[in-house]
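Structure assessment
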Amino acid sequence: MTTEEVQQSPATGFTYLQGGDGLTRGARLRNRALPGTRAAGPRAGAAVMAALLAAIGLCAGDTAAGFFPFGAVTRSVSDLGNQYIPFYAYYWDVLHGHARGDLIMNWASGFGSSYLPDAFYYLASPFSLLVAPFARDQVDLAVYVITVAKIASGAAVMAWYLRCLTFRGRLHSGMAAVFGAAYGLCGWAVTDAAYNPMWLDGLIAFPLLCLAVEWATAGRRPVLGTLCVAFAWGCNFYTACFATVGAAVVLITRLAAEPSSLRDRLHACGRSLLYGAFGMGLASPIVLVVYFGARDTWPVDPRPFISVDAGPLLGRLLPGSYQFSSPALFVGTFALFAALTLPFNPAVSVRTRAVWTVAIPAVLASMLWEPSVRVWYAFTNPNGSSYREAFVLCGLLVVAGWTSFSRGIPHPFALAGGAALLGGIVWTASGWEHTTPEMLRRAAVTAAAGALLYGMLTLARRRGPRVRRGVAVALLTLLAAVQTAEAVANVADVDAKRAEHLDHHAVWGPWDERLRTIVTSADRWPSYRTDPGLVRMTANDPQLIGGEGAEYYSSLTSNVLIDTLHHLGFGWMSRGRAPRSMDNPVTDAVLAIGARARTVVTGGLQAPGGNGAEVTLARRPAAPLVTVRPPSSPEPRYGTSPFRNQELLLGSHVYDIPGLRYLTNDGTELQPNLDGSLVTLPDPVPDRSYPYVLRATCRPGQEVYLNAPEFSGRATLAGGEPVTFTGVAGASRAPIQRLGTVPETGRLKVKLRPRLSGTVPGGAIGCLDAALLAEAVRHLQATGATRIHVSGHAISATLPPGSTGTAVVAAPAIRGWTCSLGNGARRPAGRFLGLLAVPLDGKASSLSCSFATPGLGIGLLAAGAAVPAGAALCLLGRRHRQRRIGPRVSPNRSISVCRPSS
């Protein structure tokens, strides 16, 4: 017989083991309410080791691939370069007091956008503050450090959580570190989240919430558990939703495996709900600000969900696998094998094995069935990657593997069963088109190394205790090395494959610094805006380079902004979430853009980007930031023609819109659609000719502009240089672009060479009279504000005496603005053709407007209410437990129970 120490918790009704071999512990929840039952040292040691293994694996993999910062290849692919690098650069400006705005308002992007929702959505994690110590031109390096820190932290928290699940064995800290590192370097983290740093907050949130679940079921640490929930939801509520679903699965699994009474299970569920509710209450300022910001965003139709077959699904469990449209489930061959042994491991109770065997396939199935996918994404369809919740399944696999191996090396029968399942996975995945011999070879090598380590451990068991322990330590070290080597190879392979699939952006260099210097040297905000120009490096160049412009790529881009720019002829990418700058003198005038950067390459074409291109600065007369418009009735509204809409906003007629004739290149007349548009099809032989011709007549000397938002290809005015359009219906929109000057004959011939199928709308050509525009600008300057002051999230202006009509601020009328005339009361701001507007009474000679982030006030109230409510509940719960427990029992008292020796 062997003796185990059992502690009973009168507060929860559960029985918890302490010491012994723990083989029959099953899924019992342990009581940690009594002091002295656990020391934090082993858990901290496991966490540190896991963090080091994860950091080494990620950095070594990037080094092997030659990626920044260890090589010349940029790692700024897709949204990492397009969103996060500029966001962190602007956040650096905010932290150092150099930003064009503050935490509330961002005057650089989107002609003035609410910044706090972006900061809370993308940068709320405390890891974001690591950008501050770096120089601004080292933001790429700072973001990489943040990425490594988050992955290492996710591994550390998982190791800490796993170490809390068992008492048995002195080497469990090392084993927990191995499993924690497997989680931190899972396929989802290094494949999908590595270029979306905010997603990595979910990697940390899942084990944190699992810890909160453990404390809630044990009826202890209500404050710390609540803070864990608040931290997870505050850092990034988007991935916290996934992590919360995963933690709920863990809770259900733990309670289903525990042979306790229904009452005790309900109490555990109730405590978990309370921890979650109060934690979310504390995080409500962040959550509600993002929610209200998302409510006003430009709507994007989600892409249809397409499930994956067994081949790619199981193939993503192998090292080096990559496919954008399938879940990245790699957790390392060892952790996967450990999870596969659980159903066959007799050291684990039958109920525990059954529950875990059902739970993991159920979670996997929920990721593949569209109705349940909508539950994962809060009843919406994911926009982009359809498997952003895959880290939860990776975490569950790691926990299942730990559940099996924490009882010691499984029985040979369990090892054989796990090996059979692993072989079936490899065999099924071998038929996937993206499976390479190298992937299969690495999995086989790792499996063979594991078998060799197991054989050595079996031989060592025949020796003395010291030899066994020394061999066990050595083999555990070798296991960590083998797993890390496999992870390094996986990171290197994924880096290369991802770079081939996604667009990439160069690391900040001398050319970028030169462009930033030119833009900042011309900046005279708020006298006028300086636009960094067409997309040079990213879709957020005003945040990265400087200046103030339309470009603003975010998941929270406002509906008001995109709708206004759409009517004015601006273009956009990412289905509307990334407006583009437009080089147009009319919109520059009404939006107070007085200087604009241009890059010119050989032939006179403006480069949409390009290091080494010559940078020039164009200056134009512009209206002030605050203008005065005469009274109008009825209220003006945009129409279908962007040229007429620009005139409406300008307040003057400056365009002639000629009638169009559509012809083929051989002169054959083409009949347009009923709305006057023309469908264009690409030439079967690319670059052979211009198959379409537009004919029109304008006054000589006027500037010719073409509006073709859904045309992809080249347009050339006879005698001029070709201009590239990049419109694709439903995906991107090309802005109005200048083609040249009307010749002396007045007859226009515009040739079109489509690259893709598209359309050219009726009234596509506008001929601008520069003299009329200059006169209109002078009028706006003469009647506009004489003095303008902008500070943080407020703007004030001095107006000419007796001004009547409407004062218009050249900023989108997003929700949250309030304005007042003189010393009058503040009222919600009005709207004039999508811009901020204040009705004038003819008496006040000044106005002031300030912006308050929607949702922040109610969020602070909710958080303030959650604190005293949670404190009161903790006190009531403590009194209730004391009444049930009675006098405090010494932690050294225990009940001896006898168990058959194994």
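A brief report on the enclosed structure follows. (Residues numbered from 1 in each chain as written. Predicted model: local features only at pLDDT ≥ 70, side-chain atom pairs only at ≥ 80, totals over all residues. Heavy atoms only, no water.)

1. Concerning the overall build of the chain
Let me state the cut-off plainly: The way it works is that DSSP assigns letters per residue, a run of H or I at least four long becomes a helix, a run of E at least two long becomes a strand, and they are numbered from the N terminus. For the exposure calls, accessible area comes from a 1.4 Å probe over protein chains only, and a residue counts as buried if that area is under 20% of its type's maximum, exposed if over 50%, partly exposed in between. Contacts are assigned to residue pairs with any non-hydrogen atoms lying within 4.5 Å of each other. Reported accessibility uses the Shrake-Rupley method at a 1.4 Å probe radius. Residues are deemed covered only where the shown protein chains occlude them.
The helix and strand inventory of the chain stands at 26 helices and 31 strands. The buried share of the chain, reckoned over its 902 residues, is 58%. A separation threshold of at least 6 residues defines the contact pool for the chain, and within that pool the share at least 24 residues apart is 75%. Carbon and sulfur atoms make up 61% of the accessible area of the chain, which totals about 35800 Å².

2. Points about a nonpolar patch on the surface
This is how the line gets drawn: In this scheme, patches are assembled from residues that exceed 30% relative accessible area and form no salt bridge. Like charges are connected within 9 Å, while nonpolar side chains (Val, Leu, Ile, Met, Phe, Trp, Tyr) are connected within 5 Å. By convention in these notes, a salt bridge is any Lys or Arg side-chain nitrogen within 4 Å of a carboxyl oxygen on Asp or Glu.
A surface patch of nonpolar side chains, amounting to about 290 Å² of accessible area, comprises Val48, Leu52 and Ile56. Positionally, Val48 belongs in helix α1 (residues 40–65).

3. With respect to unusual backbone geometry
Cis peptide bonds are those with omega within 30 degrees of zero, and the linkage from Phe68 to Pro69 qualifies with 5°. Cis geometry marks the peptide bond from Trp525 to Pro526, where omega comes out at 5°. Mapped onto the secondary structure, Pro526 falls in the loop between α20 (510–522) and β5 (529–531). Even without being glycine, Ser78 reaches a positive phi, approximately 50°. For Ser78, the position within the fold is in helix α2 (residues 78–95). Phi at Arg575 is positive, roughly 55°, even though this residue is not glycine. When you line up the elements, Arg575 lands in the loop between β6 (572–573) and β7 (578–579). Overall, the relative accessible area of 17% leaves Arg575 in the buried class.

4. Considering the sheet that holds strand β20 (residues 747–754)
Under the convention used in this document: Here, a strand pair is defined by DSSP locating no fewer than two bridges between the strands.
Spatial ordering of the open sheet is given by β13-β12-β15-β20-β17-β18, a layout of six strands whose pairing is antiparallel. What marks the edges here is a single partner per strand, and that holds for β13 (669–670) and β18 (723–726). In this sheet, strand β15 (residues 692–697) lies alongside strand β12 (residues 661–664) in antiparallel orientation, the contact comprising four bridges. Each bridged residue has a counterpart across the sheet, and for Leu663 the counterpart in β15 is Val693.

5. What to know about α2
Heads up, the rule is: Given the number of residues in a helix, its expected span is that number minus one, multiplied by 1.5 Å. To get the bend at a given residue, fit one axis to the seven residues ending there, fit another to the seven starting there, and take the angle between those axes.
Counted at 1.5 Å a residue, the expected span for α2 with its 18 residues is 26 Å, and the 25 Å between its end C-alpha atoms agrees. The principal kink in α2, of about 30°, is found at Tyr84, preceding the proline Pro86 by one to four residues. At the exit of α2 stands Gly97, carrying a positive phi of roughly 75°.

6. Concerning the packing of helix α14 (residues 350–366) against helix α16 (residues 390–405)
The line we're drawing: To get an axis, fit a line to the C-alpha atoms, keeping to the stretch in contact for a helix; angles then go from 0 to 180 degrees between the N-to-C directions. An angle counts as roughly parallel when it lies under 35 degrees, as roughly antiparallel when it exceeds 145, as roughly perpendicular when it falls between 65 and 115, and as oblique in every other case. Left-handed describes a crossing whose near helix is turned anticlockwise from the far helix by less than a right angle; the clockwise case is right-handed. Under the grouping applied here, Gly and all other residues not named as nonpolar or charged are polar, the nonpolar ones being Ala, Val, Leu, Ile, Met, Phe, Trp, Tyr, Cys and Pro and the charged ones Asp, Glu, Lys and Arg.
Where α14 meets α16, the closest approach of the two axes is 10 Å, and the angle between their N-to-C directions is 165°. With respect to each other, α14 and α16 are oriented roughly antiparallel. Viewed along their axes, α14 and α16 form a crossing whose handedness is left-handed. Contacts between α14 and α16 involve Thr352, Trp356, Ile360, Val363 and Leu364 from the former and Leu393, Leu396, Leu397, Val399, Ala400 and Thr403 from the latter. Grouping the amino acids of the contact of α14 with α16 by side-chain chemistry returns nine nonpolar, two polar and no charged.

7. Regarding α14
An α-helix turns once per 3.6 residues; consequently, residues spaced three or four apart project the same way. Given a rise of 1.5 Å per residue, 17 residues ought to cover 24 Å, and the 24 Å separating the end C-alpha atoms of α14 matches this to within 8%. Burial in α14 covers these residues: Thr352, Arg353, Val355, Trp356, Ala359, Ile360, Val363 and Ser366.

8. As for the pattern of salt bridges
What the rule picks out here adds up to 18 salt bridges. In this structure, Asp523 engages Arg100 in a salt bridge whose closest nitrogen and oxygen atoms are separated by 2.6 Å. With Asp523 in the loop between α20 and β5 and Arg100 in the loop between α2 and β3 (105–106), this residue pair connects regions lying 423 residues apart in the sequence. The exposure class assigned to Arg100 is partly exposed, which follows from its relative accessible area of 26%. Here Asp769 and Arg699 are joined by a salt bridge, their closest N and O atoms 3.3 Å apart. Taken together, the residues Asp769 in the loop between β22 (765–768) and α25 (770–783) and Arg699 in the loop between β15 and β16 (703–706) connect sequence positions 70 residues apart. Salt bridges here are not isolated pairs; linked through shared partners, they connect Asp531, Asp583, Asp588, Arg596, Arg598 and Arg620.

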